[in-house]
Amino acid sequence: MLVAAAVLPHPPVLVPEVAAEAAGELDEVRAGCLATLKHVAQAHGEGCDVVLVGAGPTRATFGSGTVGSLRGFGVPIDLRLPGPGTEAGGQSEAGGQSDVPLPSLPLSLTVGAWLMKQIGQWSEGGRVRAESVPSDLEPAEAAALGRELAASADRVVLVAMGDGSAALSAKAPRYIVPGAQEWQSSVTSALASADCAALAAIDPQDADRFAAAGRVSWQVLAGAAGAGVSGEGAWSAELIAADDRYGVGYVVAWWTRVDGVGP
């Protein structure tokens, strides 16, 4: 059963070594991510499984210790998905001996693993795994996967990695697409209020048009949060941070169940 969820963005510039002199520009978003993950870590220590979900080229499941790399962004950082038994060998940098195998995690999950590593509280507790989900997965299939993940353990905390529209301003990778600001506002509102129906209803064509990498993760979350939940008001949500300074929508939120089975 899903008992809580975190919504996090995954731009590589969250990593200070990637952002270089601009690292301070995302301090608020980075701090929000880490504060939210402290809630996740607490739930993990109390026995909840942690499932990291992000878009990737193929459908795949990765266990603790699977490697991701940021070398493609010009920084010599390889790191392992944290979890019980992996704390000792979490990160390596060029210039020294390393037993880190070839990376497997896609970017969304690599940034998620990096953020988790900053908390450093994953040595004991429930299982940790990561789920790569194809970005073209249909909404119904994403919802079905979410229900499957929610049912995979007695208590599950899902971490949904996903960037919003990358077409919000002239600074954006997609430049400006008319309607992107309004679309992003509605998505941010849905993530900030745990509106599963609104998230499930996101049209994949709209997400593609507005270059939103998080659509599939959010719809997995919507499916997971709706599994076995009856009535309204089953979730309490808090918007931790929101930023679009680079023309991309970054949203950080924390969801908890309010029917007596939360973390």
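This part covers helix α8 (residues 215-226). Each turn of an α-helix holds 3.6 residues, which means side chains three or four residues apart point in the same direction. Here α8 is 12 residues long and its end C-alpha atoms lie 17 Å apart, about the 16 Å a rise of 1.5 Å per residue gives. Counting buried positions along α8 gives 11 out of 12 residues, so the element sits mostly inside the fold. If you check which residues of α8 are buried, you get R215, V216, S217, W218, Q219, V220, L221, A222, G223, A224 and A225.

All right, on to unusual backbone geometry then. Note on backbone geometry: most residues besides glycine have negative phi, and most peptide bonds are trans. Despite not being glycine, A20 shows a phi value in the positive range, around 55°. Mapped onto the elements of the fold, A20 is located in the loop between α1 (16-19) and α2 (27-45). Here A20 falls in the partly exposed class, since its relative accessible area comes to 42%. Positive phi, normally seen in glycine, also occurs at A194, with a value near 55°.

Most of strand β2 (residues 49-56) is tucked away: 8 of the 8 residues are buried. Because side chains alternate across β2, one face comprises the buried residues D49, V51, V53 and A55, and the other comprises V50, L52, G54 and G56, equally buried. Relative to strand β8 (residues 156-161), β2 is paired through 5 bridges, and the arrangement is parallel. Paired with L52 across the strands is V159, a residue of β8. Sheet topology note: the β2/strand β7 (residues 128-134) ladder contains 7 bridges and is parallel. Counted as the bridge partner of G54 is S132 from β7.

For G214, the location among the structural elements is in the loop between α7 (204-209) and α8. With 54 residues separating them along the chain, G214 and A160 place their C-alpha atoms 8.2 Å apart. Residues in contact with G214, not counting those within four places in the same chain, are G162 and D163.

Strand pairs in the sheet, formed through backbone hydrogen bonds, run parallel or antiparallel to each other. Strand order in the open sheet formed by 7 strands is β3-β7-β2-β8-β1-β10-β9, with mixed pairing between adjacent strands. This sheet does not close on itself; its edge strands, each paired only once, are β3 (60-63) and β9 (235-243). The average undirected angle you get between the axes of adjacent strands in this sheet is 20°. In the packing of α2 onto the sheet, the strands contacted are β1 (2-8), β2, β7, β8, β9 and β10 (250-257), and the crossing angle to β10 comes to about 25°. Of the strands in this sheet, β1, β9 and β10 touch helix α5 (residues 180-193), which is tilted by about 30° from β10.

Here β3 shows a buried face lined by A60 and F62 and an unburied face lined by T61 and G63. Taken together, the 4 bridges between β3 and β7 define a ladder with antiparallel strand orientation. By the bridge assignment, A60 is partnered in β7 with S132.

We now examine the pattern of salt bridges. Side-chain pairs of opposite charge can arise where the charged atoms are in close proximity. Enumeration over the complete set of coordinates arrives at 8 salt bridges. One salt bridge in this structure joins R127 and D49, with 2.6 Å as the shortest N-O distance. One end of the pair, R127, is in the loop between α3 (107-119) and β7; the other, D49, is in strand β2, with 78 residues separating them in the sequence. The class for R127 is partly exposed, based on a relative accessible area of 47%. Since its relative accessible area comes to 6%, D49 is described here as buried. Ionic pairing is found between D243 and R245, a salt bridge with its closest N-O pair at 3.0 Å. Taking the relative accessible area as the measure of exposure, D243 reaches 12% and is therefore buried.

Each value, and the rule that gives it
Residues numbered from 1 in each chain as written. Predicted model: local features only at pLDDT ≥ 70, side-chain atom pairs only at ≥ 80, totals over all residues. Heavy atoms only, no water. Helix = DSSP H or I, 4+ residues; strand = E, 2+ residues; numbered from the N terminus. Expected span 1.5 Å × (residues − 1). Buried < 20%, exposed > 50% of the residue type's maximum accessible area, 1.4 Å probe, protein only. Pairing = 2+ DSSP bridges. Contact = heavy atoms within 4.5 Å. Axes fitted to C-alpha atoms, helices over the stretch in contact; angles between N-to-C directions. Salt bridge = Lys/Arg side-chain N within 4 Å of Asp/Glu carboxyl O.

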